[in-house]
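# What the coordinates show
Single-letter residue listing:
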Amino acid sequence: MLFVYLKIYSEHKTKGKKMAKDYNGSPKHHGPLDAKRNRITWILGVSGLCILSYIMGSWKSTPTPTTGQYDTVAKVGCEGGSSSSASKASPFSSSNLDFESHHQLDLNSSSGVQEFPPCDMKYSEYTPCQDQTRGRRYDRNMLKYRERHCPAKDELMYCLIPAPPNYKPPFRWPQSRDYAWYDNIPHKELSIEKAIQNWIQVEGDRFRFPGGGTMFPRGADAYIDEINELIPLKSGHIRTAIDTGCGVASWGAYLLKRDIIAMSFAPRDTHEAQVQFALERGVPAMIGIMGSQRLPYPARAFDMAHCSRCLIPWGKYDGLYLIEVDRILRPGGYWVLSGPPIRWQKHWKGWERTQEDLKREQDEIERVAASICWKKLIEKDDLAIWQKPINHNECVKSRKVFKTPHICQGDNPDIAWYKELEKCITPLPEVTRSDKVSGGELEKWPKRAFTLPPRISSGSIPGINAEKFRSDNDMWRDRIARYRRLAPLTQGKYRNVMDMNAYLGGFAAAMSKYPVWVMNVVPPNSDHDTLGVIYERGFIGTYHDWCEAFSTYPRTYDMIHASGVFSIYQDRCNITLILLEMDRILRPEGTVILREGVELLVKIKSITDAMRWKSSITDHESGPFNPEKILVAEKTYWTGEANENQSQN
């Protein structure tokens, strides 16, 4: 079409030259101004024709959606799914983009992307890297057999983990703190084993969590009030906490109403499904253990650490476990201990241990705590509390008295992914005065969430400054506004949220106005180690390599957010396995939001379509000209069969 326009214009110009003669046949002379005017006219004419051609072509090639097409999409549901899922309209109906006929990619990592079958029902609670059968192959010393041991390549499963029969969406927060459906976690063991301690009770078709614990039979609320009488829990100074050996995480559950968020962890052991119960309640938790490796958290992360009869041998291995708590505890942070050996003079008979044994254990703890420069604040009734110094000025001097443990030399204290424990004190950043807090003081919560973190203001993270921090916050404020139009953020559907590539924690900060908590994940192979920044903001998270399975049970997150994750991992491991892992930990009818370039998102969508997800690709919040797009997906409802090793159909 453009060629025709140019040809007509050329002929017209030639004809004009022939006519540009006067009546006596002499050629008519044109000045420089006329020539310049003709060139401008020619350029404008061609430009106008190009624009007109583009507009006409775009209009003619734009398909007009019909009502029938939309109805077909809206009515699609998973076979055997719940009636509510099958009948409701797609939640992703605004400005969906279709690249199906325009992009033909070689999906070599997904083996043709055939529909993934359900796994056998025996894998309904499968935790790939904490598989108890695989764990038996490993050394029992220092509980190494209960650490992460992921499946070999020939053990990887390309199937979908089924939910148990009659699975129901969990109770919504805050009711979920106290109740969970029995069908979702059909285990009565803890209700029997811990009946006297009020951990959990079975009431008809549901569990009830009275808030009890081994050392707080009157309930976690009363227990926390006792701690508050000894250290200030309500002042805003204490925001992040860690509970070692958490049980069903009642301590963490009742701290939330005091604006303290706890990372609770416990191993997958004989106390069946304790971490699964915690997450079903809407309380942050992970599978984990004090073994031979560092906990997957950065140095100076937590304002408070807690152990209530957690059975961790604090005095053994030259105090190695207490040294690890010191690494992750912030300057001035507290360690709270209840249970053996505290107040052994009263409880030794009930604990079925000798007085000599318990006294020896407490003496070991006192010695190790003093050697790492902690100060014992108080021991009252069943509680003992120590405090870490705000800097190491005096601790360095004390090495003349305490020869061991020595101060670590040349080690990055934040490296914690498969890193062996070390018998040395993690050094605090140097300060010029003894009254200064190493690494910088933090604002009180909630101001802390949006205040420039000390790790950034000090310049300790190369390439990240105050301006990048502020712009990241602004960006995520705009992105969450976009997400509100794509997913029901305000309706209470979501409680447990994961950000697979958290960077500075901007997503979690922007989500903090909703009744959710966010597990902020920082891949250990990231360009910047920013997990310490996230903790300084008052949020929680963990290091994790997405080439492996996450340390959680199936069906434990309501929403998973991933920005740039597949760009990081597409050349490192099979992205199909990452998506299957996301499916494992996502609850039925849970939501996934992915951000990637359009080519990669089309590839991802072809895989998720084979995973019983309903998904659509939509434009970036800045408009259609941004090459990054957003994929929003919902995992459809389906369950396994009660008596057969296949899913419902």
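These notes cover the structure that comes with them. (Residues numbered from 1 in each chain as written. Predicted model: local features only at pLDDT ≥ 70, side-chain atom pairs only at ≥ 80, totals over all residues. Heavy atoms only, no water.)

When its secondary structure is counted, the chain shows 20 helices and 20 strands. For the chain, buried positions account for 53% of its 649 residues. The contacts of the chain with a sequence gap of at least 6 include a subset with a gap of at least 24, amounting to 70%. Here the chain has roughly 30,400 Å² of accessible surface; of this, 52% comes from carbon and sulfur atoms. (Helix = DSSP H or I, 4+ residues; strand = E, 2+ residues; numbered from the N terminus. Buried < 20%, exposed > 50% of the residue type's maximum accessible area, 1.4 Å probe, protein only. Contact = heavy atoms within 4.5 Å. Areas by Shrake-Rupley, 256 points an atom, 1.4 Å probe, with all protein chains shown as cover.)

It is worth spelling out unusual backbone geometry at this point. Negative phi values dominate among residues other than glycine, just as trans dominates among peptide bonds. The linkage connecting Trp-173 with the following residue, Pro-174, adopts the cis geometry, with an omega of 10°. A cis amide bond links Trp-445 with the next residue in sequence, Pro-446, at an omega value of 10°. Here Pro-446 shows up in the loop between strand S13 (424–425) and helix H14 (454–457). In this structure, Tyr-418 takes a positive phi of about 55° despite not being glycine. Looking at the secondary structure, you find Tyr-418 in the loop between strand S12 (406–407) and S13. Owing to a relative accessible area of 33%, Tyr-418 belongs among the partly exposed residues under this scheme.

On to the nonpolar core, then. Membership of the largest hydrophobic core comes to 140 residues, with the highest contact counts inside it found for Tyr-297, Trp-314, Trp-335, Phe-566 and Met-582. If near-sequence neighbours (up to four positions away) are discounted, Trp-314 is found in contact with Thr-244, Met-290, Cys-307, Gly-319, Tyr-321, Leu-322, Val-325, Trp-335, Leu-337 and Ile-365. Membership of the second largest hydrophobic core comes to ten residues, among which are Trp-199, Phe-207, Phe-209 and Phe-277. (Core = buried A, V, L, I, M, F, W, Y, C linked by side-chain atoms within 4.5 Å.)

Quick look at the environment of Gly-590 now. Structurally, Gly-590 can be placed in strand S18 (residues 586–597). Among the residues examined, Gly-590 registers a relative accessible area of 3% and is labelled buried. Here Gly-590 is in contact with Asp-558, Ala-633, Glu-634 and Lys-635, once residues within four sequence places are set aside.

Before going further, it helps to examine the sheet that holds strand S5 (residues 240–244). Backbone-to-backbone hydrogen bonds pair the strands of a sheet. The strands run either parallel or antiparallel. As summarised here, the arrangement of the seven strands in space is S7-S6-S5-S8-S9-S11-S10, forming an open sheet in which the pairing is mixed. Each edge of the sheet is formed by a strand with only one pairing partner; in this case those strands are strand S7 (285–287) and strand S10 (375–380). Adjacent strand axes in the sheet meet at a mean angle of 20°, parallel and antiparallel pairs treated alike. Direction of pairing for strand S8 (residues 302–308) relative to strand S9 (residues 329–338): parallel, over a ladder of six bridges. (Pairing = 2+ DSSP bridges. Axes fitted to C-alpha atoms, helices over the stretch in contact; angles between N-to-C directions.)

What makes a disulfide is a covalent bond joining the sulfur atoms belonging to two cysteines. Counted under the stated rule, the structure contains six disulfides. What pairs with Cys-373 in a disulfide is Cys-395, and their sulfur atoms sit 1.9 Å apart. Taking the torsion about the S-S bond as the criterion, the Cys-373 to Cys-395 disulfide, at about 75°, is right-handed. Of this pair, Cys-373 sits in the loop between helix H12 (355–371) and S10 while Cys-395 sits in helix H13 (residues 393–398), and the two are 22 residues apart along the sequence. With relative accessibility at 17%, the residue Cys-373 sits in the buried group. Should the bonded cysteines of the chain be numbered as they appear in the sequence, the pairing reads 1-4, 2-3, 5-6, 7-8, 9-10, 11-12. (Disulfide = S-S within 2.5 Å.)

Here we take up the sheet that holds strand S2 (residues 179–181). Here we have three strands laid out as an open sheet, ordered S2-S4-S3, and antiparallel in their pairing. A single partner strand is all that each edge strand has here, and the edge strands are S2 and strand S3 (201–203). Averaged over all pairs of adjacent strands, the angle between strand axes in this sheet comes to 30°, irrespective of strand direction. As paired elements, S2 and strand S4 (residues 206–208) share three bridges and run antiparallel to each other. Paired with Trp-181 across the bridge in S4 is Arg-206.

Turning to the side chain of Arg-495, a few remarks are in order. Take Arg-495: it is sitting in the loop between helix H15 (466–483) and strand S14 (496–499). Asp-558 is the oppositely charged side chain nearest to the buried, salt-bridge-free Arg-495, at an N-O distance of 7.0 Å. At 3.0 Å, the side chain of Arg-495 and the backbone oxygen of Gly-282 are in polar contact. With near-sequence residues (within four places) excluded, Arg-495 lies in contact with Trp-173, Leu-256, Gly-282, Pro-515, Val-516, Trp-517 and Asp-558. (Lys, Arg positive; Asp, Glu negative; His and termini not counted. Salt bridge = Lys/Arg side-chain N within 4 Å of Asp/Glu carboxyl O. Polar contact = N/O pair within 3.5 Å; in protein donor to acceptor, adjacent residues only side chain to side chain.)

This part is about the packing of helix H19 (residues 575–585) against helix H20 (residues 598–608). One can describe the packing of H19 onto H20 by two numbers: an axis separation of 10 Å at closest approach and a directional angle of 55°. It follows that H19 is oblique to H20 by the angle criterion. Handedness of the crossing formed by H19 with H20: right-handed. Here Ile-575, Thr-576 and Leu-579 of H19 lie close against H20, whose contacting residues are Lys-603, Ile-604, Ile-607 and Thr-608. A breakdown of the residues in the contact of H19 with H20 according to their chemical character gives four nonpolar, two polar and one charged. (Parallel < 35°, antiparallel > 145°, perpendicular 65-115°, else oblique. Left-handed = near helix turned anticlockwise from the far one by under 90°. Nonpolar A, V, L, I, M, F, W, Y, C, P; charged D, E, K, R; others polar.)

Taken as a whole and judged by the stated rule, the model has 47 salt bridges. Among the ionic pairs, Glu-628 bridges to Arg-479, the shortest N-O distance being 3.5 Å. One end of the pair, Glu-628, is in strand S20 (residues 628–635); the other, Arg-479, is in helix H15, and 149 residues separate them in sequence. In this structure Arg-479 comes out as buried when scored by relative accessible area, which is 8%.

An α-helical turn contains 3.6 residues, so a residue and the one three or four places further along point in the same direction. Between its terminal C-alpha atoms H12 stretches 24 Å, which fits the 24 Å expected from 17 residues at 1.5 Å a residue. Packed against the buried residues of H12 are helix H10 (320–328), S9, helix H11 (344–347), S10, strand S11 (383–387) and S13. Note on H12: the residue one or two positions beyond its end, Cys-373, has a positive phi of about 75°. (Expected span 1.5 Å × (residues − 1).)

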